[in-house]
Amino acid sequence: MIQLKKLGHIQLRVADLGRSKAFYRDVLGFRVAEQDPKHGDLFMTLGEDFHTLDMAQYEGPETVRSPARSLGVAHIAFQVASYEALAEAYHTLLQRGVRIERAMDHVNQRSIYFFDPDGNRLEIYYEMPGALARFPEGRGDQNRELTVSGAGKPLPAWLSERWPGS
């Protein structure tokens, strides 16, 4: 069984990013961890984790590219306590017949993405210790896609790396 540490963050597609930013900051007490100028994602936190909410501007119905870009919850993310636990989660998902949609290196965390039986996008990630303090000005737009493998194939090499590097 996968050993999740906690619900990590929720990604929301919002109708007005500025309005939502003000609401979550000024009414609910979130603070901005990073606002990605290239893609527009806004990462907000309540504590010491890099982010609790990942908000993005909703693309109108005329420009939406896929159901994953609809208004509302885009994905739910679960955090694991160690990089080894991320590798175990990856392995367990494949053993249970779950296809890994993609994997990403987000500079301060590595993530695997997949769908539940109803098509809801889920993420399991490991966040490097002290991520919020390491990136006081944000991480920048340095995301990198990682290799994924399927059932019956060896796990990707990145899962056996010593990460995060010093």
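See the structure printed just above.
Everything quoted here is computed from the prediction, not taken from an experiment.

## Thoughts on the nonpolar core
Then, number 1: Formed by 28 residues in total, the largest nonpolar core has its most connected members in Phe50, Leu86, Tyr90, Ile112, Ile124 and Trp158.
Then, number 2: When residues of this core are assigned to their parent elements, the largest contribution, eight residues, is made by helix H2 (residues 83-95).
Then, number 3: Contacts of Ile112, omitting those with residues within four sequence positions, involve Leu86, Ala89, Tyr90, Leu93, Ile100, Arg102, Ala103, Leu122, Glu123, Ile124 and Trp158.
Then, number 4: Grouped together as the second largest cluster of nonpolar side chains are nine residues, Tyr24, Phe30, Leu42 and Leu53 included.

## Focus: the pattern of salt bridges
It is possible for side chains bearing opposite charge to pair when their charged atoms get close.
Then, number 1: A full pass over the atoms with the stated rule returns five salt bridges.
Then, number 2: When the shortest N-O distance is used, the salt bridge between Arg121 and Glu101 registers 2.7 Å. Of the two residues, Arg121 is situated in strand E8 (residues 121-127) and Glu101 in the loop between H2 and strand E6 (102-105); the sequence distance between them amounts to 20 residues.
Then, number 3: Each of Asp105, Arg110, Arg144 and Glu161 takes part in salt bridges that share partners, so that together they form one network.

## Quick look at a nonpolar patch on the surface
Then, number 1: On the surface, a nonpolar cluster with roughly 250 Å² of combined accessible area is contributed by Leu7, Val73 and Ile76.
Then, number 2: Within the secondary structure, Leu7 sits in strand E1 (residues 4-14).
Then, number 3: Residue classification places Leu7 among the partly exposed positions, given a relative accessible area of 49%.

## Points about the packing of aromatic side chains
Then, number 1: One pass over the full model with this rule turns up six aromatic pairs.
Then, number 2: On the numbers, 6.1 Å between centres and 65 degrees between planes, the contact of Tyr83 with Tyr126 is edge-to-face. Of this pair, Tyr83 sits in helix H2 while Tyr126 sits in strand E8; the two residues are 43 residues apart in sequence, bridging distant segments of the chain. This pair shows no difference in class: Tyr83 is buried, exactly as Tyr126 is.
Then, number 3: An aromatic cluster is built from Phe23, Tyr24 and Phe30, whose rings are joined through pairwise contacts.
Then, number 4: A cation over a ring is seen here: Arg102 above Tyr113, with NZ or CZ 4.4 Å from the ring centre.

## With respect to helix H1 (residues 17-27)
Then, number 1: Looking only at H1, the buried set comprises Leu17, Ser20 and Tyr24. Each buried residue of H1 sits inside an arc of 65 degrees when the element is viewed along its axis, so together they form one side. When the buried face of H1 is taken as reference, the exposed residues oriented beyond 90 degrees from it are Arg19, Asp26 and Val27.
Then, number 2: The inward-facing, buried residues of H1 abut E1, strand E2 (31-35), strand E3 (42-45) and strand E4 (53-57).
Then, number 3: Of the residues flanking the start of H1, the one acting as N-cap is Asp16, its side-chain oxygen 3.1 Å from the backbone nitrogen of Gly18.
Then, number 4: Looking at the residues trailing H1, positive phi occurs at Gly29, about 85 degrees.

Reading the values: rules and limits
Residues numbered from 1 in each chain as written. Predicted model: local features only at pLDDT ≥ 70, side-chain atom pairs only at ≥ 80, totals over all residues. Heavy atoms only, no water. Core = buried A, V, L, I, M, F, W, Y, C linked by side-chain atoms within 4.5 Å. Buried < 20%, exposed > 50% of the residue type's maximum accessible area, 1.4 Å probe, protein only. Helix = DSSP H or I, 4+ residues; strand = E, 2+ residues; numbered from the N terminus. Contact = heavy atoms within 4.5 Å. Salt bridge = Lys/Arg side-chain N within 4 Å of Asp/Glu carboxyl O. Patch = residues over 30% accessible without salt bridge, like charges linked within 9 Å, V, L, I, M, F, W, Y side chains within 5 Å. Areas by Shrake-Rupley, 256 points an atom, 1.4 Å probe, with all protein chains shown as cover. Phe/Tyr/Trp six-rings, centres within 6.5 Å; stacked < 30°, edge-to-face > 60°. Lys NZ or Arg CZ within 6 Å of the ring centre and 35° of its normal. Arc of directions from axis to C-beta. Polar contact = N/O pair within 3.5 Å; in protein donor to acceptor, adjacent residues only side chain to side chain.

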